Amino acid sequence: MTRAIWSAVLSHWRRMPLQLFTLVMGLALATALWSGVQAINAEARASYAAASDELTGGFDRIERADGGSISVDTFVALRRAGWLVSPVIVADLDGTQVAGIDVLTMPDFVLDDSQSVTPSTPTLWVAENVKITSKTVTTVVDADLPPGTAVGDIGVVSDLTGADISYLVVNPVQPLFQEKLDSISPELVILEASGETDIAQLTDSFHLNLTAFGLLSFVVGIFIVHGAVGLIFEQRRPLVRTLRSVGAPLGQIITVMALELLVIAILAGAIGVILGYFIASALLPDVAATLRGLYGAEVGGTLTLRPIWWISGLGIAVVGAMIASIRALLSIARMPILKIAQPRSWAMQSGRGQVVLSVIGIGLIAAAGILSLFATGLLAGFAILAALLIGAASLVPVVWTLFLAGTERSASGPIAKWFWADTRQQMPGLSLALAALMLAMAANIGVSTMVGSFRNTFQGFLDQRLASEVYIDTKSAEQGQNFVDWAAGRVDAILPIDKADVNISGIPTELYGPVAHQTYRDHWAFLSAKQDAWETIHAGDGAAINEQLSYRGGYKVGDVIVVAGVALPVVGVYGDYGNPIGQVIIGRDLFLQAYPDSAATSFGIRIAPERMSEFMAEAREEFGLSGQDVIDQNALKAYSMEVFERTFTVTASLNVLTLGVAGFAILMSLLTLAGMRLPQLAPVWAIGLDRRQLGWIELARAVILAIGTAVIALPVGLALAWVLLAVVNVAAFGWRLPMQVFPVDYAVLGIQAVVAAIIAAIWPAVRIARMPPADLTKVFANER
Amino acid sequence: MNVKAIVLCILPMCAMAQGFAGLGETVDGFAVPTAGYQFMFPEDHGAHPEFRIEWWYVTANLTGPDGTQYGAQWTVFRNALEPEMGTGWGAPQIWLGHAALTTPTDHYYAERFGRSGIGQAGAKDTSLDVWIDEWELTDNHMTAQGADWAYHLDLQFDGPLVFHGDNGLSVKSSAGQASYYYSQPYIRVSGSIFVDGAEIPVMGQAWMDREWSSQPLASDQSGWDWFSLSFDTGDKLMGFQLRGTDTYTSASWISADGGVTAYSDGAFLAEPITVHETAGVTLPVEWRVTLPLQGVDVIVNAINPDAYLPVSVPYWEGPVTVTGSHGGVGYLEMTGYD
């Protein structure tokens, strides 16, 4: 019997291969985007983990409280006082992050005599694609190193970079007696090992963003599957009825159908994982660029296929398929044995469901509204987004049904009335696809509004911040000083740009001490500030902080921060877009008191625009600097914008993919419906509408549906943008952006949606237009 | 990234091509011990960077208030990558410290690595003053510690320095490999040891060995058994055997008044009686030691048979008791059994 049930159930796919395709592709696409995003996240996290485990992961550290470097003498004093600490130098060499470690004192160090290489020259172990130009070291490629890094003995790295010790790793096992740390070196502090690295914390929000996109795509995909499964089971009702009439047990039929879905889900999941791998491979370079641009985090540009994807990809495909089909399976299970298949009854039944849907939808949107009033933080942000999107999606069929009922009533003429009624009749089959399209469009509007607002703000910010006409990067402090001497008479002002790395309330922060100059007063806009903020800062009586430090550290104008050994009131908070860490500006004198050895190597130059190019050429020649080292304002702005644009490439790509999935959903829904709608079309054809007209009507319907969905998507998308800008961004990046609207972009998106809907409707429309009249007449012959 | 690979490039001892701990390797560029060397003090208490290998080695037999016997070991090795002292991180001198505290039931030990180029380890040539991290050995005290133990011992040098072999040139093989080797076997000790959270006052005697060379072992010699015995009569015996294709022995008889008699290959004999397995290694912990020319025929027993140091270059080192023709205490070192 089981065999008979199997062959009967499976025969459905022979007759409806398109439905099988829809089901498999819907699940595969959902899985693909989900597992692609997971793959990217996993790869990035693996890179961070490698970067942190590599050297000092899991160990406490000793650093200088002011973030400065530690002298060799201090290290030796600690060792001689019974502190088992190991020095680490982290320095930049030709753009590579080079770490120097002392293998003699590194904790947990076990000697292994399996390798007895004794190189005659100093050696650096480098990641793939890292180039070290120094002729004095031999480089050995080590594929396990995080990208863009190199490691060597502290002696080699110290010679190459001239750097002092960056921090000390504290051996977890310390001897019985040791002097107190502050009696040896009071400026040192112990930082307890944290479970994850700074980079991992910083980038968490980015990965959460990606995950949210993956989830959104998955939900859209599941909508497709849900729609497809609903139709498939509806069409199989006669089959189930027949099988049960000939004696097949209901339980066995349900089991067979569930198993069949399971097999399809696994197959689709496998396709999805493979697709996801390609999506991730294509996106990873952009993700890597984004992470580098936003957070300075290095992520490898190549993907390793990890077994966990297969498991999680197949798992989510199966779970998704089960979620999508549980209602359909239940309705088969509850179906009275003699009930016949009635598409119209399906519509009526889902009409009752609409009441439930509208309650859920309104409830969720209300919840999103209330949350957005009170909640802060990343999780709250995503909760608001989820409530908003799911709520709006639930309301899509309700809104359409109400709208169509209205238009049907007010329509004049039989064809118009029939058109609206027929559209309403199709709503249950289309509503999920329309909800998916609405979600994709809203996401598109929301994200493009956010990116657009960000872009405009960032451009304005660059205009403010890059106020000097020319920027110079010298190669050393000595060359920097020579440059200052040389340029003194030639330009209007030389503004040194030097900084110290400090830690404020545990937040890594850059400390700047610019010279007093009109440039800052003229160009530097504060988000909030006291009067005469710049005068106060230059006088050494106050500090300005960036928005990131203000949000993370909870500092406002008027609060006091301790920096460079003094307590200063915050007199201004400024926007600092694109910077992952905190920033503080204090007066030049205070800065030099705390860091007397600080010597600027970078300078902003104020100069009359007409003398700019001449000056730049002279500076290059005089100091042997490259085009990159002597750069004018416009080139630097262009470079910054390029970094900015790359930052959002991934978001844009995911947006397009989501929209594509939604388009596919519409196509599949229309195709499926076209096959089912013969009983509705045949009478209309019979009373005089020809097939061409019917085809055109189909196209017109698609356009109306697309426009209507776009209209619904617009407010949802704008609400989404607001949440992204006012809640998610603040939590994720530490800055809030003013929201701007981009009507032209939305119009373009609307046109795209209409075009997508037309393309999706062409095939079903053509099929109707070319339908053999015999098929239409058959409807009457088959009248049930 | 195998960080281990880096250390191996630094530590010559890990490139164990030949002999025990690379001590049988050839000596390009390094000085070689020769006969007729005039020792100068305090300079010769300091480092000799022109030689590849050097050590400062103190072993102490200690007794607690209840008569319990303890042993303390303080050792610093200098390993040169190049025959110069140098300064800074890259200076080609790697220092290695081993310290241990042995009770009849426990054996505590620790290992340290350091660089003299930055001052983390070193030896002065103005007086006996050697250190690695907080461990220190001077002519009046000796300290070392690990995670759960420590010793703070005051030292009093109580007799003349003793020069082994041919006025301090100690030959290690029939092929002529040799080292400079002198000892201070007369050191009175008092102080404290710290174990199990308690401070225990101790008294006793210590023996310091100083040795430096560039290739002290022949390439076929895989290890040694070394004895420093202090007899109740006040006489002392230093004897070792180097195990290789042939066994090579050497000994010094140090009479109570400080007179030294050197014995060349074959005069001193050490035969294992009982073996013991510890940390996966089987080695003799009871020996019959004879030096017939001085009427010595004694049984040497380890106070704690598990006095094994599973450090980067593992070996056994611990206090012993002496019975037989002479009674006394001493230290036993056994290498090359793994």
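What you are looking at is a predicted structure, and each value in this text was computed from that prediction instead of being measured. Along each chain, the written sequence defines residue order, and numbers are assigned to residues from 1. In the order they appear in the text, chains get letters beginning with A and ligands get numbers beginning with 1. Local features are withheld for residues below a pLDDT of 70 in this predicted model, meaning they are given only at 70 or higher, and side-chain atom pairs are given and counted only at 80 or more; totals for whole chains, interfaces and linings count all residues. With hydrogens and water stripped out, all remaining heavy atoms of the structure feed into the side-chain values.

1. Here's the deal with the overall build of chain B
Strands here are runs of E lasting at least two residues and helices are runs of H or I lasting at least four, both read from the DSSP assignment and numbered beginning at the N terminus. In terms of regular secondary structure, chain B is built from one helix and 23 strands. Any two residues whose heavy atoms approach within 4.5 Å at even a single point are treated as in contact. The long-range fraction of contacts in chain B, counting pairs at least 24 apart against all pairs at least 6 apart in sequence, stands at 57%. Every accessible area reported is derived by Shrake-Rupley at a probe size of 1.4 Å, with residue values counting cover from the shown protein chains alone. Accessible surface computed for chain B: about 11,500 Å², of which carbon and sulfur atoms make up 50%.

2. Let's talk about the sheet that holds strand 10 (residues 493–497) of chain A
All names here are of chain A. The strand order across the open sheet formed by four strands is 10-18-9-19, and the pairing between neighbours is antiparallel. The open sheet terminates on both sides in strands that have one partner only, identified here as strand 10 and strand 19 (630–632). The average undirected angle you get between the axes of adjacent strands in this sheet is 25°. Here a strand pair is declared whenever DSSP counts at least two bridges between the two strands. Across three bridges, strand 9 (residues 470–473) lies against strand 19 in antiparallel orientation. Within strand 19, the position partnered with Val-470 by the bridge is Asp-632. Lying over the sheet, helix 13 (residues 477–487) contacts strand 9, strand 10 and strand 18 (602–606), oriented at roughly 15° with respect to strand 18. Against the sheet, helix 18 (residues 612–623) engages strand 9, strand 18 and strand 19, with an angle of about 165° to strand 19. In this description, a line fitted to the C-alpha atoms serves as the axis of each element, helices being fitted only across the stretch in contact, and the angle between N-to-C directions of two axes falls anywhere from 0 to 180 degrees.

3. Some points on the pattern of salt bridges
In the sections that follow, a salt bridge refers to a side-chain nitrogen of Lys or Arg positioned within 4 Å of a carboxyl oxygen of Asp or Glu. What the rule picks out here adds up to 22 salt bridges over all chains. Of the charged contacts in the structure, one is a salt bridge between Arg80(A) and Glu136(B), with a shortest N-O distance of 3.5 Å. Taken together, the residues span two chains, with Arg80(A) in helix 3 (residues 72–80) and Glu136(B) in strand 7 (residues 135–138). Partly exposed residues are those whose accessible area sits between 20% and 50% of the maximum for their type, while under 20% is buried and over 50% is exposed, using a 1.4 Å probe and protein chains only. The class for Arg80(A) is partly exposed, based on a relative accessible area of 30%. Note that Asp225(B) and Arg243(B) form a salt bridge whose closest N and O atoms lie 2.9 Å from each other. Residue Asp225(B) is located in strand 14 (residues 223–231), and its partner Arg243(B) is located in strand 15 (residues 236–243); the two are separated by 18 residues in the primary sequence. Accessibility expressed as a relative area gives 0% for Asp225(B), which makes it buried. One network of salt bridges, with partners in common, ties together Arg79(A), Arg112(B), Asp133(B) and Glu134(B).

4. Points about the nonpolar core
All names here are of chain A. Nonpolar cores are built from buried Ala, Val, Leu, Ile, Met, Phe, Trp, Tyr and Cys residues. Side-chain atoms within 4.5 Å join them into one set. Counting 76 residues, the largest nonpolar core has Trp-400 and Met-438 as the members making the most contacts within it. Those elements that provide at least two residues to this core are helix 11 (378–410), helix 12 (414–465), helix 19 (633–647), helix 21 (678–686), helix 22 (691–733), helix 23 (743–769) and helix 24 (773–781). Throughout, the edges of the domains are those of an automatic or database domain assignment. In this structure, this core is formed jointly by two domains, domain 3 (403–465 + 644–784) and domain 4 (466–643), each of which donates at least three residues. Beyond its immediate chain neighbours, meaning those up to four positions away, Met-438 contacts Ala-392, Ala-393, Val-396, Thr-709, Ile-712, Ala-713 and Val-716. Of all hydrophobic cores here, the second largest spans 42 residues; its members include Val-88, Ile-101, Val-137 and Val-169.

5. Quick look at the confidence of the model for chain B
Confidence scores here are pLDDT values: one per residue, from the predictor, ranging 0 to 100. Considering every residue of chain B, the mean pLDDT works out to 88; 91% of them sit at 70 or more. A low-confidence stretch, residues 1–19 of chain B stays under pLDDT 50, and its non-local contacts, those more than four residues away or across chains, total 67 contacts.

6. Focus on the packing of helix 21 of chain A against helix 24 of chain A
All names here are of chain A. Between helix 21 and helix 24, whose axes approach to 9 Å, the crossing angle comes to 105°. In terms of axis orientation, helix 21 runs roughly perpendicular to helix 24. Side by side, helix 21 and helix 24 meet where Leu-678, Pro-679, Leu-681, Ala-682, Pro-683, Trp-685 and Ala-686 of the first sit next to Pro-773, Asp-775, Leu-776, Thr-777, Val-779 and Phe-780 of the second. Residues are sorted three ways: Asp, Glu, Lys and Arg are charged, Ala, Val, Leu, Ile, Met, Phe, Trp, Tyr, Cys and Pro are nonpolar, and all the rest, Gly among them, are polar. Classifying every residue of the contact of helix 21 with helix 24 by side-chain character gives eleven nonpolar, one polar and one charged. Between 65 and 115 degrees an angle is taken as roughly perpendicular, under 35 as roughly parallel, over 145 as roughly antiparallel, and anywhere else as oblique.

7. Remarks on the pairing of strand 4 (residues 123–126) of chain A
All names here are of chain A. With burial as the criterion, each face of strand 4 is covered, one bearing Thr-123 and Trp-125 and the other bearing Leu-124 and Val-126. In terms of strand pairing, strand 4 meets strand 5 (residues 138–141) through four bridges, oriented parallel. When the bridges of strand 5 are listed, Leu-124 appears paired with Thr-139.

8. What about the packing of helix 12 of chain A against helix 23 of chain A?
All names here are of chain A. In the contact formed by helix 12 and helix 23, the axes pass within 11 Å of each other and the chain directions differ by 155°. For the element pair helix 12 / helix 23, the angle class is roughly antiparallel. Note that helix 12 runs across helix 23; the crossing there is right-handed. For the pair helix 12 and helix 23, contact is made by Met-441, Asn-444, Ile-445, Ser-448 and Thr-449 and by Tyr-746, Leu-749, Gly-750 and Ala-753, respectively. Of the residues that constitute the contact of helix 12 with helix 23, the class distribution is five nonpolar, four polar and no charged. Left-handed describes a crossing in which the near helix is turned anticlockwise from the far one by less than a right angle; the clockwise case is right-handed.

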